[in-house]
Amino acid sequence: MSEWQPVGSAPRDGTPILVFDVSGHYGSEPRGHTVMAVRYSAYDPRDYRAPGGEWYALYGPCRADNPTHWMPLPEPPVTPEEK
């Protein structure tokens, strides 16, 4: 796995990544320090008519409000059937 890198160098082309977020929210609830899988979106994924320009979680209403670092997603685990 790669080392954590400053978020300014993260891809903004929709590539899923991991971010370290110091003030993540789930809906309206603050979550504190969080590591989450996100992608950058120019549009709000909940309403594609609204501008986004933010880091959105891959699943659920979570949004990364203040990511400071990022790294590529790790490779998925190998299942017994794939060995």
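**Brief notes about the overall build of the protein chain**
Logical step 1: The helix and strand inventory of the protein chain stands at zero helices and six strands.
Logical step 2: Starting at the N terminus, the α and β elements of the protein chain follow one another as β-β-β-β-β-β.
Logical step 3: For the protein chain, with 83 residues in total, the buried portion stands at 25%.
Logical step 4: Taking all contacts inside the protein chain whose residues are at least 6 apart in sequence as the whole, residues at least 24 apart take part in 51%.

**Let's talk about the packing of aromatic side chains**
Logical step 1: Inspection of every chain in the model, using the stated rule, returns one aromatic pair.
Logical step 2: With centroids separated by 5.0 Å and ring planes inclined at 70°, the aromatic side chains of Tyr40 and Trp55 adopt a geometry described as edge-to-face. Here Tyr40 is found in strand E3 (residues 29–44), whereas its partner Trp55 is found in strand E4 (residues 47–57), with 15 residues between them in sequence.
Logical step 3: Since its relative accessible area comes to 6%, Trp55 is described here as buried.

**Some words on the nonpolar core**
Logical step 1: Counting 11 residues, the largest nonpolar core consists of Val7, Ala10, Ile17, Val19, Met36, Val38, Trp55, Ala57, Cys62, Ala64 and Trp70.
Logical step 2: Put simply, the parts of the chain that give this core at least two residues each are strand E2 (17–26), E3, E4 and strand E5 (62–64).
Logical step 3: Setting aside chain neighbours within four positions, we find Ile17 in contact with Ala10, Pro11, Met36, Ala37, Val38, Trp55, Trp70, Met71 and Leu73.

**Section: the confidence of the model for the protein chain**
Logical step 1: Taken over all residues, the pLDDT of the protein chain has a mean of 78, while the share at 70 or more is 71%.
Logical step 2: Per-element confidence in the protein chain is highest for strand E1 (residues 5–6), whose mean pLDDT is 93, and lowest for E4, whose mean pLDDT is 72.

**Details of the side chain of Asp21**
Logical step 1: Tracing the backbone shows Asp21 in strand E2.
Logical step 2: For Asp21, the side chain forms a polar contact with the main-chain nitrogen of Asn66, separated by 2.8 Å.

**Digging into the environment of Ser2**
Logical step 1: Inspection of the secondary structure assignment puts Ser2 in the segment before E1.
Logical step 2: Since its relative accessible area comes to 35%, Ser2 is described here as partly exposed.

**Here's the deal with the environment of Met71**
Logical step 1: On the secondary structure map, Met71 appears in strand E6 (residues 67–72).
Logical step 2: For Met71, a relative accessible area of 4% gives the class buried.
Logical step 3: Once the C-alpha coordinates of Met71 and Pro16 are considered, the two residues, 55 residues apart in sequence, prove to be 9.7 Å apart.

About the cut-offs
In this numbering scheme, every chain counts its residues from 1 along its sequence in written order. Reporting of local features is limited, given that this is a predicted model, to residues whose pLDDT is at least 70; pairs of side-chain atoms are given and counted only at 80 or more, and all residues count toward the totals for whole chains, interfaces and linings. The side-chain quantities take in all heavy atoms of the structure and omit both hydrogens and water. Runs of H or I in DSSP of at least four residues are treated as helices and runs of E of at least two as strands, each being numbered from the N terminus. Only protein chains enter the area calculation, which uses a 1.4 Å probe; residues under 20% of their type maximum are buried, those over 50% are exposed, and those in between are partly exposed. Throughout, a contact is declared for two residues whenever any of their heavy atoms are within 4.5 Å. Two rings from Phe, Tyr or Trp (for Trp, the six-membered ring) form a pair when their centres are within 6.5 Å of each other. A pair whose planes differ by under 30 degrees is stacked, one over 60 is edge-to-face, and the rest are tilted. Grouping buried Ala, Val, Leu, Ile, Met, Phe, Trp, Tyr and Cys residues that are joined through side-chain atoms within 4.5 Å yields what is termed a nonpolar core. Confidence scores per residue from the predictor, reported as pLDDT, run from 0 to 100. For this analysis, a polar contact is any N or O atom pair within 3.5 Å, provided that within protein one partner can donate a hydrogen and the other can accept it, and provided that sequence-adjacent residues contribute only side-chain to side-chain pairs.

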